[in-house]
Amino acid sequence: MDRITQSAEDGGGPLRENRIVAALPLPERRHLLEATTRVTLNVRSVLFEPGAAVDAVYFPTDGVISLVTPVHSGAAVEVATIGNEGIVGVPLVQPPSGFTVRAITQVAGHGLRLDASVFAEWVAQSRPFQTLVERYTQALFGQIAQAAACNRLHSSEERLSRWLLMSRDRVESDQFEITQDFLAQMLGARRSTVSVSAGILQRAGLIRYTRGHVTILDREGLEAVSCECYAVIKAELDRVTRIPPRPAA
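Predicted model, so just to flag it, every value in this text is computed and none were measured.

**Here's the deal with the packing of helix H3 (residues 116-125) against helix H4 (residues 127-153)**
- Two elements in contact, H3 and H4, have axes whose closest approach is 6 Å; the angle formed by their N-to-C orientations is 105°. Classed by the angle they form, the pair H3 and H4 counts as roughly perpendicular. Residues Phe119, Trp122, Val123 and Gln125 of H3 lie in contact with H4, whose contacting residues are Arg127, Phe129, Gln130 and Val133.
- Here the residues of the contact of H3 with H4 are counted per class, giving five nonpolar, two polar and one charged.

In structure tokens, the structure reads:
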């Protein structure tokens, strides 16, 4: 599996932001950025393994990270995805045995790495940061619960549409790379099932999928095919960094 690599800032334009970091007051945002290291998240990069100690958290700026639960057969089932709206590695308070999931890069991108000890200090010392982390943790648990219901109740076409829409939101592009094998593993379906579902969406003119490259052609049409889980999860994640209106004087 590919390793996470430290990277220099990309030239040719502004870097994308993590929404949690961007929601901090400007002075705190600057201090937090100074404590982080920018990294490249290659496809299949493993950020932590089940049962292992979490020595760092990551704030993705683009790309998609999956939290998956491995089973004895060697397969893995996706329980949540994380992009630039969230943090990989929370909740940091965990049992001695560590997390029971693996965090693995699904769509390549970049992120900010922060040592776990520094993260804990920030949670303890910064009320705005603590509030954002608490909101995101609640939203993450909500996503896990929604995904469990989705995997049980909805068709492969509905779930594939949901996954494509959520990934599109994270990478902020209608085009990204994902193989059928990886997608089948993430959706907990056979490769042939994913192939049939992708073919249905392609014939409907909603996507184009060739050699691991996905292009979303009709976002509104894809939303119409997707189950309601996409809208539910998106609304919950959007609330994390939404600033409540000030009370009237």
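Structure's up, so let's keep going.
**A few points about the environment of Glu220**
- The residue Glu220 is located in helix H8 (residues 219-225) in this model.
- For Glu220, a relative accessible area of 68% puts it in the exposed group.
- Taking C-alpha positions, Glu220 is 8.7 Å from Leu206, a pair spaced 14 residues apart along the chain.

**Details of unusual backbone geometry**
- Positive phi, normally seen in glycine, also occurs at Glu172, with a value near 55°.
- Along the polypeptide, Glu172 turns up in the loop between helix H5 (156-171) and strand S9 (175-177).

**Considering the side chain of Arg170**
- Mapped onto the elements of the fold, Arg170 is located in helix H5.
- Apart from residues no more than four positions distant in its own chain, Arg170 is found in contact with Asp62, Gly63, Val64, Thr81, Ile82, Gly83, Asn84, Glu85, Gln143 and Leu237.

**A look at the side chain of His154**
- With respect to the secondary-structure elements, His154 resides in the loop between H4 and H5.
- Sequence-distant contacts of His154, that is, excluding residues within four places in its chain, are made with Arg159, Cys227, Glu228 and Cys229.

**Considering the packing of aromatic side chains**
- What the rule picks out here adds up to four aromatic pairs.
- Judged by centre distance (6.4 Å) and plane angle (50°), the rings of Phe59 and Phe129 are tilted. Placement of Phe59 in strand S4 (residues 56-60) and of Phe129 in helix H4 is noted, with a sequence separation of 70 residues between them. In this pair, the class of Phe59 matches that of Phe129, namely buried.

**Quick look at the pairing of strand S2 (residues 37-41)**
- With respect to burial, S2 is a largely interior element, four of its five residues being buried.
- As paired elements, S2 and strand S8 (residues 109-115) share five bridges and run antiparallel to each other. Its bridge partner lying in S8, Arg38 is registered against Leu112.

**What to know about the environment of Ala235**
- Its location among the elements puts Ala235 in helix H9 (residues 229-238).
- Note on Ala235: relative accessible area 30%, which makes it partly exposed.
- When the C-alpha positions of Ala235 and Ala139 are compared, they lie 9.5 Å apart, and in sequence the two are 96 residues distant.

**Here's the deal with the sheet that holds strand S5 (residues 64-70)**
- Reading across from one edge, S3-S7-S5-S6 is the order of the four strands in this open sheet, with antiparallel pairing throughout. Across the chains shown, the open sheet's two edge strands, defined by having one partner strand only, are strand S3 (46-48) and strand S6 (76-82). For this sheet the average axis-to-axis angle between neighbouring strands, irrespective of direction, equals 35°.
- Sheet analysis places S3 next to strand S7 (residues 102-107), joined by two bridges and oriented antiparallel. Note that in S7 the partner of Val46 across the bridge is Ile104.
- Sheet strands touched by H4: S5 and S6. Its angle to S6, the strand with the most contacts, is close to 140°.
- Where H5 meets the sheet, it contacts S5, S6 and S7, and its direction lies at approximately 40° from that of S6.

**A look at the pairing of strand S11 (residues 213-216)**
- Where S9 meets S11, three bridges bridge the pair, whose relative direction is antiparallel. Bridge assignment links Gln175 to a residue of S11, and that residue is Thr215.
- Where strand S10 (residues 207-210) meets S11, four bridges bridge the pair, whose relative direction is antiparallel. Bridge pairing links Arg208 to Thr215 in S11.
- Count of turn residues in the S10/S11 antiparallel hairpin: two residues, of which Arg211 carries a positive phi of about 50°.

What counts and how
Residues numbered from 1 in each chain as written. Predicted model: local features only at pLDDT ≥ 70, side-chain atom pairs only at ≥ 80, totals over all residues. Heavy atoms only, no water. Axes fitted to C-alpha atoms, helices over the stretch in contact; angles between N-to-C directions. Helix = DSSP H or I, 4+ residues; strand = E, 2+ residues; numbered from the N terminus. Parallel < 35°, antiparallel > 145°, perpendicular 65-115°, else oblique. Contact = heavy atoms within 4.5 Å. Nonpolar A, V, L, I, M, F, W, Y, C, P; charged D, E, K, R; others polar. Buried < 20%, exposed > 50% of the residue type's maximum accessible area, 1.4 Å probe, protein only. Phe/Tyr/Trp six-rings, centres within 6.5 Å; stacked < 30°, edge-to-face > 60°. Pairing = 2+ DSSP bridges.

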